[in-house]
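Listed below are the residues making up each chain.
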Amino acid sequence: MTKDIDPSYRIALLDAENSDDLQTFKSLKINSLIDSPGAFHESLDEVMMYTEEEWKAALVEYPTSVLYSNGEPIGMGKFFPDPFDDIRWYRLGSFWVHPDHRGKGAADILLADIIGQSVEAGIKRYETEGIESFGILLSIARGNDRAGAFYSKHGFVADESLRPPDFPWIVMVRPLSK
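Overview of the structure. Please read all numbers here as calculations on a predicted model, not as lab measurements.

1. A few points about the packing of aromatic side chains
Inference 1: Inspection of the entire model under this criterion finds seven aromatic pairs.
Inference 2: Note on Phe25 and Trp55: the rings are 5.8 Å apart at their centroids and 85 degrees apart in plane angle, and the pair reads as edge-to-face. Residue Phe25 is located in helix α1 (residues 19–35), and its partner Trp55 is located in helix α3 (residues 52–61); the two are separated by 30 residues in the primary sequence.
Inference 3: On the basis of relative accessible area, Phe25 is assigned to the buried category, the value being 2%.
Inference 4: Classification of Trp55 as buried rests on a relative accessible area of 5%.
Inference 5: Relative to Trp55, the ring of Tyr50 has its centre 5.0 Å away and its plane inclined at 70 degrees; by these criteria the two rings are edge-to-face.
Inference 6: A network of ring pairs unites the aromatic residues Phe95, Phe150, Tyr151 and Phe156 as a single cluster.

Right under this line is the structure:
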């Protein structure tokens, strides 16, 4: 699935069965960990140990959206049911945009697309499972003020009540609606 934004940006959902997509995922994941090692829940050393099957499984389990600029992959992100909470929340994960494209609207475009996907998925769960509300949450490393400001600009607020015990990251949430 591909969605066109403007002439220089394009968003595509990666397909784990496509070897080019799998290579794009690997490259973005590794680059994100090199660029921002403390911003993710896994380390470069961990992902460098992944087998081909583990890379593919990571992409199958949680589909990943990639933002392209002039045909080059420059960012990624995904959402998935939150493992720490009930069915109301989706978690934003692996969100990263190449440093050359930060502050230029690329992250805004990618986040808006992922939030849109979350709304669609939440509405389906609302209709099939009868949930009353839903939203998207994320966690950021303490001290990552730039990320906190970015997510705040997009309607996310810190909510310590959703932070699991002994979880050192800041949890931010954004309720969503139909």
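What follows continues from the structure just given.
2. Regarding the pattern of salt bridges
Inference 1: The tally for this structure, following the rule as stated, stands at six salt bridges.
Inference 2: With a closest N to O distance of 2.4 Å, Asp35 and Arg102 form a salt bridge. Linking Asp35 in helix α1 with Arg102 in the loop between β5 (89–97) and α4 (106–129), this pair joins segments that are 67 residues apart in sequence.
Inference 3: The exposure class of Asp35 is partly exposed, given its relative accessible area of 31%.
Inference 4: Relative accessible area serves as the criterion here: at 29%, Arg102 is assigned to the partly exposed category.

3. So, the nonpolar core
Inference 1: One finds Leu67, Leu92, Phe95, Leu111, Ile136, Tyr151 and Phe156 to be the most contacted residues of the largest nonpolar core, which totals 27 residues.
Inference 2: If you tally residues by element for this core, the top one is α4, at eight residues.
Inference 3: Beyond its immediate stretch of four places on either side in the chain, Ile136 contacts Phe79, Trp89, Tyr90, Arg91, Leu92, Ile114, Ser118, Phe156, Met172, Val173, Arg174 and Leu176.
Inference 4: Counting 15 residues, the second largest nonpolar core, distinct from the first, contains Ala16, Leu28, Val47 and Tyr68.

4. Remarks on the layout of surface pockets
Inference 1: Volume-wise, the largest pocket comes out at about 1000 Å³.
Inference 2: Lining the largest pocket are 43 residues; nearest its centre among them are Ala39, Phe40, Ser94, Phe95 and Tyr151.
Inference 3: Where the lining of the largest pocket is concerned, the elements lending two or more residues are α1, α3, β4 (72–81), β5, α4, β6 (134–140) and α5 (145–153).
Inference 4: Counting residues per element, the lining of the largest pocket draws most heavily on β5, which supplies seven residues.
Inference 5: Counted by class, the lining of the largest pocket contains 24 nonpolar, nine polar and 10 charged residues.

About the criteria used
- Residues numbered from 1 in each chain as written.
- Predicted model: local features only at pLDDT ≥ 70, side-chain atom pairs only at ≥ 80, totals over all residues.
- Heavy atoms only, no water.
- Phe/Tyr/Trp six-rings, centres within 6.5 Å; stacked < 30°, edge-to-face > 60°.
- Helix = DSSP H or I, 4+ residues; strand = E, 2+ residues; numbered from the N terminus.
- Buried < 20%, exposed > 50% of the residue type's maximum accessible area, 1.4 Å probe, protein only.
- Salt bridge = Lys/Arg side-chain N within 4 Å of Asp/Glu carboxyl O.
- Core = buried A, V, L, I, M, F, W, Y, C linked by side-chain atoms within 4.5 Å.
- Contact = heavy atoms within 4.5 Å.
- 1 Å grid on protein atoms, 1.4 Å probe; cavity = no way out; pocket = protein on both sides within 12 Å on 5 of 7 lines; lining within 4 Å.
- Points joined across faces, edges and corners; volume = space filled by probe spheres on them.
- Nonpolar A, V, L, I, M, F, W, Y, C, P; charged D, E, K, R; others polar.

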